[in-house]
Amino acid sequence: MFDFADLVEQIDKTNKTNLKVKALEKFFSSATDQDKVWAIALFSSKRPKRSVKTSNLRVYAAQMANIPLWLFEESYHIVGDLAETIALVVPESKQGVKPPSLSQLIKEIKDLKNLDEIHQKSYLLNRWSHLNYYSKFVFNKLITGGFRIGVSQKLMTKSIANVTGIDQDTIAYQIMGDWNPEEVTYNQLILSPSKEDFIYKPYPFYLANPLDQGLEKLGSCSEWVYENKWDGIRAQLIKRNDEIMIWSRGEELISNQFPELLVMGSFLNNGTVIDGEILPFKNCKIGSFNDLQKRLGRKNVGKTTLENNPVILKAYDLLELNGIDIRNKKYIERRKSLEKIVLSVKNEKLQFSNSYVFNNWEEVSKAHGQARVNKSEGLMIKNINAFYKVGRKKGDWWKWKVDPLTIDAVLTYAMRGHGRRANLFTDYTFALWKTNDKGNKELVTFAKAYSGLTDKEFKKVDAFIKKNTLERFGPVRSVEPELVFEIAFEGIANSSRHKSGVAVRFPRILRWRIDKTINDANTIEDLKSLIHA
Amino acid sequence: MKKPLLEFNQNGIYCPIAKVYMDAWRPVDKVIISHAHADHSKYGHQNYLTHPNSIPIVKHRLGNVNIESKGWGEKFTINGVQFSLHPAGHVIGSSQVRVEYKGDVWVYSGDYKRENDGISTPFEPIKCNTFITECTFGLPAFNWKKQEVVINEINDFWEECKSNNQTAVIFAYSLGKAQRLIANLNLEIGKIYTHGAVENLNEVIRTYKNLPKTYRITKETKKEDLIGNLVIAPPSTHGSSWMKKMVPYVTSSTSGWMTFRGARRRRAIDRGFVLSDHVDWKDLIQTIKDTEAKNIVCTHGYKDIFSKYLKEKGYNSFIENTPFEEQEILENNV
């Protein structure tokens, strides 16, 4: 029997993709159907609801390991993963009891919700004392949620395709949307799905690749469609059987967060799927991502929010027309149909994402340089003949982002990372100079960033932080202000929520400015001057 | 207040009465070396003293330095202070240093582990008033399996590579871990090939200690020679062009850090075997009990955390900084 814990162990034991696929194939050809469905759910970021408070998990694990709680917490900060920490500190079981199946474990974990804390505790202690390391790790992951273990959805769909003989893109489509692993069978989900199941599914999104070559390599300038690259929420608006749904790229159903788009959708014909970007749009102007954030993560959107932070759908692609999947039509044909729909609906909430006509690559290049003026992040370059593919496929869809805005900032706080950066200080807070009321210069936090350095650089900065810690606040350390980094970001806006008065979009480290001292770092005023630049 | 028998200054761990350093990190007149790893055995001192098993290695690395040897348990007196070396079990020749003056006994552990690895002389706990301990792995997340179990895992890994016509590559520190593997792996599976840095040390150690035969990888070594066999190389070779000859290979690392999934993924290696030459959590606590020391000085590793824990347990515990820690946390001799 090759169960889910064995699968996780096998995947963990290799850095090679083909061996991971082999392990997945082994699992998908030998596990029970119920376990297969759960595995698909877990690798697609669907997880059982949390039924035990994690604070309780920590207390129980510390007790079982016979260590004080603070020591467990310290260990957790260093290990960087709660499930792994518990699996490590709880004593290894001597008995070789075979763990229950994945679906059995998930059922047990779900049922925990109905138990009082005393019984929850005795259940957990009992499981912990009988599971081996990997089973314990998987069990804890199921309880704590989040199953990122080096298996992408793509790897999983590939393995299922290999085992079943079904086309990989078809599988990717089948596992889209909102399905409940407790109710659906492997047969319904993968082997013989019924037509009705697709009514509620979005299509797998086609994603562009960053442009990594000269424009001339793309061939003739006239074979491409040029559009703005919008900075909003990528979404599919679906109308089928008089129902309207909005699915985000992260496969979340976000219909309720955008009631005005649902109203607009009611004017569409049944059997229509539009792909586009939800953008903040007030007073006939596209706003910043920051404005959009006020609309996110809410169960219900109030009247005031709706009035103050209105949105539109910038439509650029049509995937379904009159109930027919048209992803295999040429891009220009799909756009023609889309444009007709937008014109006939005549709703201010639905805008067509216009394309540009350029006569040569020079003009393309020039337009790219002016993208920020159009409130866009750059240019999208899409082949006129391109089909709508599944996932990130190179060749037909390119994104050409404008150069980011940059500023030199001082590293002031650091935290240990997670996953492959566990036990290394890789999550940083950066500050800029500000002159306070008394006329003194002080450093004010403006952004956090944790990507952009090489592993080697991270090691060096990590060593610096360990040697130059000023104070510890739980997992966070304040650091002697000494290192200067060039921070890049996509957008910038005023913000009352931030101490600096400014919010930046997608900040990351561009480079370590070894040549600069903290006196060379920029000021908050420098940063603010970029807002209208 | 009485002056402590040993203190930490900018040069190293120092006995002011005897005017002797231990594992000094800056050039000094007289130093006692706990073991021959580069960060503990530095170049530039006037007079060295260490265990006979460390001397050939120190000389191999530092050249013809002025060096004196003392066997384990052999007492010697400097300025009225009595010293003796005792096995630490970390690598071949690694020693603890016992220091006694007017009834006050201190022990400096150097780096140590408790399990007999079959090549270093096993650790002996020494009773003392003050114990200076490393805590590289001073966290309850670190609990080693028995060596036999891990060696079997590595043997299985090797057999698997062999049956797939691949070369099994193990990254291991060239002094210590490399010989520990060579002495314990099952040579019926195949031959062990070594990187020059490893083989140079093997040759030095073979002059006074039996070590199974290994094969140095040279320009003449052919790809076919390596397939199905095992290669031991320093971690710095990972990803270098030197590795080309080993294709198709599977990489692995042997270290206490392999406990963490993140550490394995970060190094982009296929397999991580948790095999350390340092004490784990339970042995650290057991050792402190065994020494019966009331005062514990915590150095390199998770010293702040471990020291806080000891204080809660009623020990008079404090921390001292050494330059060893960053290197060890960052890299490989663990």
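Quick caveat, the model's predicted, so the values are computed rather than measured.

## Structural notes on the overall build of chain A
Thought 1: Of the regular secondary structure elements, chain A holds 19 helices and 23 strands.
Thought 2: Against the compact-globule benchmark of 24 Å for 533 residues, chain A has a radius of gyration of 26 Å, which places it among compact chains.
Thought 3: Dimensions of chain A along its principal axes, counting C-alpha atoms only, are 75 × 70 × 50 Å.
Thought 4: Considering chain A as a whole, with its 533 residues, one finds that 54% of them fall into the buried category.
Thought 5: When contacts within chain A are restricted to residue pairs at least 6 apart in sequence, those whose partners lie at least 24 apart make up 70%.
Thought 6: Roughly 25200 Å² of accessible area belongs to chain A as shown, and the carbon and sulfur atoms make up 48% of that amount.
Thought 7: Here chain A contributes 81 positively and 64 negatively charged side chains, and the mean placements of these two sets differ by 1 Å.

## Here we look at the pattern of salt bridges
Thought 1: Counted under the stated rule, the structure contains 44 salt bridges over all chains.
Thought 2: The salt bridge partner of A:Arg58 is A:Glu73, with a shortest N-O separation of 2.8 Å. A residue pair is termed long-range when its members are at least 10 positions apart, and A:Arg58 in helix α4 (residues 54-65) and A:Glu73 in helix α5 (residues 69-79) qualify at 15 residues.
Thought 3: A:Arg58 sits in the buried class, given a relative accessible area of 18%.
Thought 4: For B:Lys3, the salt bridge is made with B:Glu7, and the minimal N-O distance between the two is 3.8 Å.
Thought 5: Classification of B:Lys3 by relative accessible area gives exposed; the value is 56%.
Thought 6: Judged by relative accessible area, B:Glu7 falls into the partly exposed class, the value being 23%.
Thought 7: Residues joined in a network through salt bridges with shared partners are A:Glu486, A:Arg511, A:Arg513 and A:Asp515.

## Points about the domain arrangement of chain A
All names here are of chain A.
Thought 1: Taken domain by domain, chain A holds domain 1 (206-401) and domain 2 (405-528).
Thought 2: Using C-alpha coordinates to define each centre, domain 1 is positioned 34 Å away from domain 2.
Thought 3: Tallying the contact residues gives 7 residues for domain 1 and 7 residues for domain 2.
Thought 4: Taken together, both faces of the contact between domain 1 and domain 2 bury some 620 Å²; the carbon and sulfur share is 37%.
Thought 5: Scanning the region where domain 1 abuts domain 2 turns up 1 salt bridge.

## Digging into the nonpolar core
Thought 1: One finds A:Phe4, A:Ile40, A:Leu124 and B:Phe306 to be the most contacted residues of the largest nonpolar core, which totals 99 residues.
Thought 2: With 32 residues, the next largest nonpolar core counts A:Leu453, A:Val461, A:Ile465 and A:Ile487 among its residues.

## A closer look at the confidence of the model for chain B
Residues and elements named next belong to chain B.
Thought 1: With 97% of its residues at a pLDDT of at least 70, chain B reaches an overall mean of 93.
Thought 2: Every residue in residues 326-334 is under pLDDT 50, and counting partners more than four places away or in other chains gives 40 contacts.
Thought 3: Taken together, the chains of this predicted complex give a pTM of 0.84 and an interface ipTM of 0.92.

## A short note on the interface of chain A and chain B
Thought 1: Listed by partner, the interface residues are 33 residues for chain A and 29 residues for chain B.
Thought 2: Summed over both partners, the interface of chain A with chain B comes to about 2900 Å²; 54% of that surface belongs to carbon and sulfur atoms.
Thought 3: Of all residues in chain A, A:Trp70, A:Leu88 and A:Arg420 bury the most surface against chain B, accounting for 20% of the area lost on that side.
Thought 4: One can count 3 salt bridges joining chain A with chain B.
Thought 5: Among the salt bridges present, the one from A:Arg472 reaches B:Asp304, with a minimum N-O distance of 3.9 Å.
Thought 6: Our count for the contact surface shared by chain A and chain B stands at 6 residue pairs in polar contact (both at pLDDT 80 or more).

## A closer look at helix α8 (residues 303-312) of chain B
Thought 1: For α8(B), every residue scored as buried is listed here: B:Lys303, B:Ile305, B:Phe306, B:Ser307, B:Tyr309 and B:Leu310.
Thought 2: The positive-phi residue at the C-terminal boundary of α8(B) is B:Gly314, with phi of around 95 degrees.

## Observations concerning the pairing of strand β15 (residues 230-233) of chain B
All names here are of chain B.
Thought 1: Burial of the side chains of β15 extends over both faces: Leu230 and Ile232 are buried on one face and Val231 and Ala233 on the other.
Thought 2: Where strand β12 (residues 167-171) and β15 come together, 4 bridges link them in parallel fashion. Paired with phenylalanine 171 across the strands is alanine 233, a residue of β15.
Thought 3: Pairing of strand β13 (residues 192-194) with β15 involves 3 bridges; the strand directions are parallel.

What counts and how
- Residues numbered from 1 in each chain as written.
- Chains lettered and ligands numbered in written order.
- Predicted model: local features only at pLDDT ≥ 70, side-chain atom pairs only at ≥ 80, totals over all residues.
- Heavy atoms only, no water.
- Helix = DSSP H or I, 4+ residues; strand = E, 2+ residues; numbered from the N terminus.
- Rg over C-alpha atoms; globule rule 2.2 N^0.38 Å.
- Buried < 20%, exposed > 50% of the residue type's maximum accessible area, 1.4 Å probe, protein only.
- Contact = heavy atoms within 4.5 Å.
- Areas by Shrake-Rupley, 256 points an atom, 1.4 Å probe, with all protein chains shown as cover.
- Lys, Arg positive; Asp, Glu negative; His and termini not counted.
- Charge placed at Lys NZ, Arg CZ, Asp CG, Glu CD.
- Salt bridge = Lys/Arg side-chain N within 4 Å of Asp/Glu carboxyl O.
- Domains from an automatic or database assignment.
- Buried area = accessible area lost by both parts, 1.4 Å probe.
- Core = buried A, V, L, I, M, F, W, Y, C linked by side-chain atoms within 4.5 Å.
- pLDDT = per-residue confidence, 0-100.
- Polar contact = N/O pair within 3.5 Å; in protein donor to acceptor, adjacent residues only side chain to side chain.
- Pairing = 2+ DSSP bridges.

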